[in-house]
Amino acid sequence: MNIEQMYTGCLAQGAYYIVSNKEAAIIDPLRETQPYIERLEKDGVVLKYIFETHFHADFVSGHVDLSKKTKAPIVYGPTAKPEFKSIIAEDNQVFEVGNVKIKVLHTPGHTMESSSFLLTDEKGKDVALFSGDTLFLGDVGRPDLAQKAANLTQEELAALLYDSLYEKILPLDDDIIVYPAHGSGSACGKNMQKETVDSLGNQKETNYALNQKDKESFIKAVTDGLLPPPAYFGMNVAMNKKGYESFDEVLSKGLHALSPDEFEETADHSGALLLDVRNNNDFAKGFIPQSVNIGLNGDFAPWVGALIADVQQPILLITDENEEEEAVTRLSRIGFDHVIGFLKGGFNAWKNSGKEIDTVNRISVQQFEKEIYGKKVKIIDVRKESEYSAEHINDAFNKPLAYINEWINTLDSEEHFYLHCAGGYRSMMAASILQARGYRNFSEIAGGFSEIAKTGVPKSNFVCQSKVLN
């Protein structure tokens, strides 16, 4: 028997590949299926089952395409109602894969169909729990995403989650290894550990949600401090439940190369968003007017989902050369399937054609310190609230990037302000959105707070972020 975690950092998502005696199972596969097909062929094994822990909200699973290509059935837990052929398992139903067994544990609470899968080895010992979004490392699944579909409040869902955890998972052996669907950085939880694998016993000791004195305190603990879910979550649930266009077709359409003239004409007539995925330093020096920067070198997919939101939005890509396939792939993982082309030759081709370009007024921390010395200025910090609370520039306003569509209209376009995040990735996103909407009277600070902290700019006293979160 072999268990392999296939972890994708950009999504903080774990898919799982299990092999025993020439048969395999895959749990929560990513959208692109070719890597799984190649792995199955390399190992000389047959895919027997595709297990889905629930209808995912933060990414589009590859279950539908993978089932079509391998003929392996898709398995959901009780109460799931997908709009395609699948096996709806009963609670405690057992599936055999080679010489091992996988038991379905219905664990509602995150969603109503949420299920965990308990793996028993050849000797009959329970060895691993694939916990989906029911149990994370250091946290549990948020209970507010399925409210509308379940006609329940988040408190009622949290109560179901408590029963699932305390009645079905906590009684399991301490030495069982927990393999969650997500890790730190995912919006499906609020306080996950950076590790991606742990023993159940350690989680029983360290996970705050598993150490509540009663159901009432559990409900309060897991619902406290939940941020609004990204707007694209509901659209991804619908795609996972109803099915979607083949990834191969999405990739083929997205890899439509356009010359600068063709790109400009398409942009003028399609209503497409111009998405520039280059790093923020290159973007600052020059970009196509009205384009938005979300760099591939950071948490690309979650930020696309948070800032663009509508998965139906047509997109035109500006990438570094040979990165267009990576960009289309990562967009498709969260359901943004409407890339209609990319700029052939990248930004340099646009610039060399003599077409109009724009820039961001990015300044160094040294210049920032010099400009604000002894003056009253407006500073906007787009980091998360917990980062701001830990340490910030005195008198800076905290306006998290995730909420830019809410606060952007409160700005005075005539008043100059300074803009920063932690390192420049998020503040450049904010800068690009601001300029696309007509706000230009600002200076963005290179290096962000990590560089500002090294200067004499007055700052608040540092507070450990773990204390802020707790």
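The structure displayed is predicted, hence computed values, not measured ones.

Undergrad: Describe the sheet that holds strand β9 (residues 115-120), with residues and values.
TA: Reading across the sheet, the 6 strands line up as β7-β8-β9-β10-β11-β12 and stay open at both edges, with mixed pairing between neighbours. The open sheet terminates on both sides in strands that have one partner only, identified here as β7 (94-97) and β12 (198-199). In this sheet, strand β11 (residues 177-180) lies alongside strand β10 (residues 126-132) in parallel orientation, the contact comprising 4 bridges. If you follow Gly 132 over to β11, its bridge partner there is Pro 180.

Undergrad: Got a sec to walk through unusual backbone geometry? Specific residues and values, please.
TA: In this structure, Asn 21 is a non-glycine residue whose phi angle is positive, near 50°. In this structure, Asn 21 sits in the loop between β2 (13-20) and β3 (23-27). Relative accessible area serves as the criterion here: at 53%, Asn 21 is assigned to the exposed category. Even without glycine at this site, Lys 71 takes up a positive phi of about 70°. Judged by its relative accessible area of 71%, Lys 71 falls in the exposed class.

Undergrad: Residues and numbers for the sheet that holds strand β5 (residues 74-76), please.
TA: Read across the open sheet, the 6 strands follow the order β1-β2-β3-β4-β5-β6; overall the sheet is mixed. Since the sheet does not close on itself, it has two edges, and those belong to β1 (2-8) and β6 (87-88), each with one partner. In this sheet, β6 lies alongside β5 in parallel orientation, the contact comprising 2 bridges. The residue bridging Val 75 from the neighbouring strand is Ile 87, located in β6. Of the strands in this sheet, β1, β2, β3 and β4 (46-51) touch helix α1 (residues 34-43), which is tilted by about 20° from β2. Its contacts with the sheet place helix α2 (residues 63-70) against β3, β4 and β5, and it is angled at close to 155° to β4.

Undergrad: Describe a negative patch on the surface, naming the residues involved and giving the relevant values.
TA: On the surface, a cluster of negative charge is made up of Asp 282, Asp 320, Glu 321 and Glu 323. When you line up the elements, Glu 323 lands in the loop between β16 (315-318) and α12 (324-332). Overall, Glu 323 belongs to the partly exposed group, its relative accessible area being 30%.

Undergrad: Provide a residue-level description of the state of the cysteines, including the pertinent values.
TA: One pass over the structure, following the stated rule, counts 0 disulfides. Cys 10 takes part in no disulfide bond, and the closest cysteine sulfur, belonging to Cys 188, lies 14 Å away. Residue class for Cys 10 comes out buried when judged on its relative accessible area of 14%. Of all cysteine sulfurs, the one in Cys 10 lies closest to Cys 421, which takes part in no disulfide; the gap is 17 Å.

Undergrad: Tell me about the layout of surface pockets, and name the residues and values.
TA: A water-sized probe, rolled over the atoms, reveals where empty space remains. Within this model, the largest pocket holds a volume of roughly 1700 Å³. Along the wall of the largest pocket there are 48 residues; nearest its centre are Ser 186, Ala 187, Gly 189, Leu 227 and Lys 384. Counting residues per element, the ones that place at least two in the lining of the largest pocket are α11 (300-307), α15 (385-390), α16 (404-407), α17 (425-436) and α19 (465-469). In terms of residue class, the lining of the largest pocket is made up of 26 nonpolar, 12 polar and 10 charged. If you go around the second largest pocket, you meet 22 residues; those closest to its centre are Glu 113, Ala 146, Ala 149, Ala 150 and Val 237. Secondary-structure elements contributing two or more residues to the lining of the second largest pocket are α3 (147-150) and α7 (233-242). Of the residues belonging to the lining of the second largest pocket, the class tally is 11 nonpolar, 7 polar and 4 charged.

Undergrad: Break down empty space enclosed by the protein for me, with residues and values.
TA: Under the criterion given, the structure shown has 1 cavity of 30 Å³ or more. Approximately 30 Å³ is the volume found for the largest cavity.

Undergrad: I'd like a rundown of the packing of α1 against α2, residues and numbers included.
TA: Relative placement of two packed helices is described by the angle separating their axes and the distance separating the axes. Between α1 and α2, the least distance of the axes is 10 Å, while the angle of their chain directions is 40°. The orientation of α1 relative to α2 falls into the category oblique. When the axes of α1 and α2 are compared, the crossing they make is right-handed. Where α1 abuts α2, its residues Tyr 36, Ile 37 and Leu 40 lie against Leu 66, Lys 69 and Thr 70. Looking at side-chain class alone, the contact of α1 with α2 contains 4 nonpolar, 1 polar and 1 charged residues.

Undergrad: Summarise the pattern of salt bridges; cite the residues concerned and give the values.
TA: All chains considered together, the criterion is met by 23 salt bridges. Across the pair Glu 444 and Arg 362 runs a salt bridge whose closest N-O atoms are separated by 2.6 Å. Placement of the pair is Glu 444 in strand β22 (residues 442-445) and Arg 362 in strand β18 (residues 362-363), with a sequence separation of 82 residues. Exposure class is identical for Glu 444 and Arg 362. Each is buried. Across the pair Glu 451 and Lys 454 runs a salt bridge whose closest N-O atoms are separated by 3.2 Å. By relative accessible area, Glu 451 is classed as partly exposed at 30%. The exposure class of Lys 454 is exposed, given its relative accessible area of 63%. Salt bridges linked by common partners bring Glu 4, Arg 39 and Asp 43 together as one network.

Cut-off values and rules
- Residues numbered from 1 in each chain as written.
- Predicted model: local features only at pLDDT ≥ 70, side-chain atom pairs only at ≥ 80, totals over all residues.
- Heavy atoms only, no water.
- Pairing = 2+ DSSP bridges.
- Helix = DSSP H or I, 4+ residues; strand = E, 2+ residues; numbered from the N terminus.
- Buried < 20%, exposed > 50% of the residue type's maximum accessible area, 1.4 Å probe, protein only.
- Contact = heavy atoms within 4.5 Å.
- Axes fitted to C-alpha atoms, helices over the stretch in contact; angles between N-to-C directions.
- Patch = residues over 30% accessible without salt bridge, like charges linked within 9 Å, V, L, I, M, F, W, Y side chains within 5 Å.
- Areas by Shrake-Rupley, 256 points an atom, 1.4 Å probe, with all protein chains shown as cover.
- Salt bridge = Lys/Arg side-chain N within 4 Å of Asp/Glu carboxyl O.
- Lys, Arg positive; Asp, Glu negative; His and termini not counted.
- Charge placed at Lys NZ, Arg CZ, Asp CG, Glu CD.
- Disulfide = S-S within 2.5 Å.
- 1 Å grid on protein atoms, 1.4 Å probe; cavity = no way out; pocket = protein on both sides within 12 Å on 5 of 7 lines; lining within 4 Å.
- Points joined across faces, edges and corners; volume = space filled by probe spheres on them.
- Nonpolar A, V, L, I, M, F, W, Y, C, P; charged D, E, K, R; others polar.
- Parallel < 35°, antiparallel > 145°, perpendicular 65-115°, else oblique.
- Left-handed = near helix turned anticlockwise from the far one by under 90°.

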